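# Coordinate analysis (summary)
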Amino acid sequence: MQINTFNCPQPDEKGYFGEYGGSFIPPELQIIMDEITSSYEAIRKDPAFIDELTDLYQHYVGRPTPIFHAKNLSKAYGAEIYLKREDLNHTGAHKINHCLGEALLAKKMGKRKILAETGAGQHGVALATAAALIGLECDIYMGEVDMRKEHPNVVRMQILGANVIPVTHGRKTLKEAVDSAFEGYMKDPVTQLYAIGSVVGPHPFPMMVRDFQSIVGNEAKSQLQGMIDALPDNIVACVGGGSNAIGIFTAFLQDDSVTLYGVEPSGHDINVPGEHAATMSKGVPGVMHGFKSYMLADEQGEPGQVYSVASGLDYPSVGPQHSYLKDIDRVNYRAIDDKEAIDAFFELSRLEGIIPAIESAHAIAYAKKLAKEQGGKSILINLSGRGDKDIDFIMETYGQEYGL
Ligand SMILES: *Cc1c(COP(=O)(O)O)cnc(C)c1O
């Protein structure tokens, strides 16, 4: 097992993948960002750092995660379906892969604290976990509305020793939490590290988070070689900010026989602004949160309102490398709506005994469509997380519909 940071396309010196990425931040913060870049450039080549992270992946997270040949689902859908089981990681999703990397980097840089915003609390819990393990203070900014909705995650973060800071202005959700976390960071960017939760934000974060997540595809490639002695015909992953997707795609970008699909949420209605988060289908290139990428903007050019039944997918932009991969036609971006995702959530639960995160269910739902079109070919799905966090919501909202 190794962290493959070199055998994949690197952004240019300023962090651009084609015309996307870069760094659009105040000059005083750029100084700090440059320090983060040079520290990261140094440790990514440092065998001691790689050993430490690899050891944690193995003995703390539980890597390598298995690949499971889902035979019942394969039969039902009409293709050979393989699941990369990121749901089996400690804390139940892929996010721990980059949170540990960021926390270790913070420690090496002599930072005292890591901070971030969180929407549904998944990134907050993964980061609070890494902070507890590595020995760092941790501030998590969270909208008051989200805190009420996602109470169990708030409690988890508090038990893990993080400060959960309620954000009480505006709509009191993720967008406001991003602003507050940024303000908190700017108060003291020297002793704190802003640990971004996906392949988004200014350079070097899209590259760095991608590198930490590339373990997923590297493992999958060698595991499949052992199982079927071949590359998969297709790979499917859901896209919020894009970290789990780029994590599994990276090892296969040079393999032209492998068709890649990123699946974004069309929510209630892809034709009504505010009722979906289908950035690639409906967005335009622009700058937000410190980087250039496709985005869903409102009339003022500000981040637009977005919606998805999966709170991990309702982000109005997408990592810059994804925008580049869309423009060069290497990755196909498709949309799945709430209903299709919930159907797939129940199908995987009942056919394989695996309850997926609603985010991951979007990838399952797209694999079903793909199987119908192609028949028989192999599909590797990144099962980004487990669905335990979603069960109360599913029961309340969809229970009756599904006869519960
Ligand atoms: C956060 C999350 C996502 C979306 O984030 P990406 O950066 O797009 O991967 C997807 N699945 C799960 C389970 C998540 O927790």
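Residues numbered from 1 in each chain as written. Predicted model: local features only at pLDDT ≥ 70, side-chain atom pairs only at ≥ 80, totals over all residues. Heavy atoms only, no water.

In this section: the environment of T173. With respect to the helices and strands, the residue T173 is situated in the loop between strand 7 (163-167) and helix 8 (174-187). When its relative accessible area of 23% is taken as the criterion, T173 is described as partly exposed. Measuring from C-alpha to C-alpha, the distance between T173 and T118 comes to 9.0 Å, with 55 residues separating the pair along the chain. (Helix = DSSP H or I, 4+ residues; strand = E, 2+ residues; numbered from the N terminus. Buried < 20%, exposed > 50% of the residue type's maximum accessible area, 1.4 Å probe, protein only.)

Along the chain, R63 connects to P64 via a cis peptide bond; the corresponding omega equals -5°. Note on placement: P64 falls in the loop between helix 2 (47-61) and strand 3 (67-69). Following H203, the chain continues into P204 via a peptide bond in cis, with omega recorded as 15°. Here P204 is to be found in the loop between strand 8 (192-194) and helix 9 (205-213). Residue K172 is not a glycine yet carries a positive backbone phi of 60°.

Attention now goes to the site of the ligand. The environment of the ligand is formed by 17 residues, the closest being K95, S198, G240, G242 and S243. At a separation of 3.2 Å, an oxygen atom of the ligand approaches a polar backbone atom of G241. Between an oxygen atom of the ligand and a main-chain N or O atom of G242, the distance comes to 2.7 Å. In isolation the ligand exposes 380 Å². Once the protein is present, 97% of that is buried. Tallied by class, the residues present in the shell around the ligand amount to four nonpolar, 11 polar and two charged. (Near = heavy atom within 4 Å. Polar contact = N/O pair within 3.5 Å; in protein donor to acceptor, adjacent residues only side chain to side chain. Areas by Shrake-Rupley, 256 points an atom, 1.4 Å probe, with all protein chains shown as cover. Nonpolar A, V, L, I, M, F, W, Y, C, P; charged D, E, K, R; others polar.)

It is worth spelling out the side chain of K111 at this point. Looking at the element boundaries, K111 is found in the loop between helix 4 (95-108) and strand 5 (113-118). At 2.9 Å, the side chain of K111 and the backbone oxygen of V190 are in polar contact. K111 has contacts with A106, L136, P189, V190, T191, Q192 and L193, leaving out every residue within four places of it along the chain. (Contact = heavy atoms within 4.5 Å.)

For S214, the position within the fold is in the loop between helix 9 and helix 10 (215-228). With relative accessibility at 0%, the residue S214 sits in the buried group. At 2.7 Å, the side chain of S214 and the backbone oxygen of D211 are in polar contact.

This paragraph deals with the sheet that holds strand 6 (residues 137-143). Strands sit in the order 7-6-5-8 across an open sheet of four strands; the sheet is parallel. The open sheet has two free edges, formed respectively by strand 7 and strand 8, since each of these has just one partner strand. The average undirected angle you get between the axes of adjacent strands in this sheet is 25°. The pairing of strand 6 with strand 7 spans five bridges and is parallel. Across the sheet, D139 pairs through a bridge with N163, a residue of strand 7. Strands strand 5, strand 6, strand 7 and strand 8 of the sheet are contacted by helix 8, whose axis makes an angle of about 160° with strand 5. (Pairing = 2+ DSSP bridges. Axes fitted to C-alpha atoms, helices over the stretch in contact; angles between N-to-C directions.)

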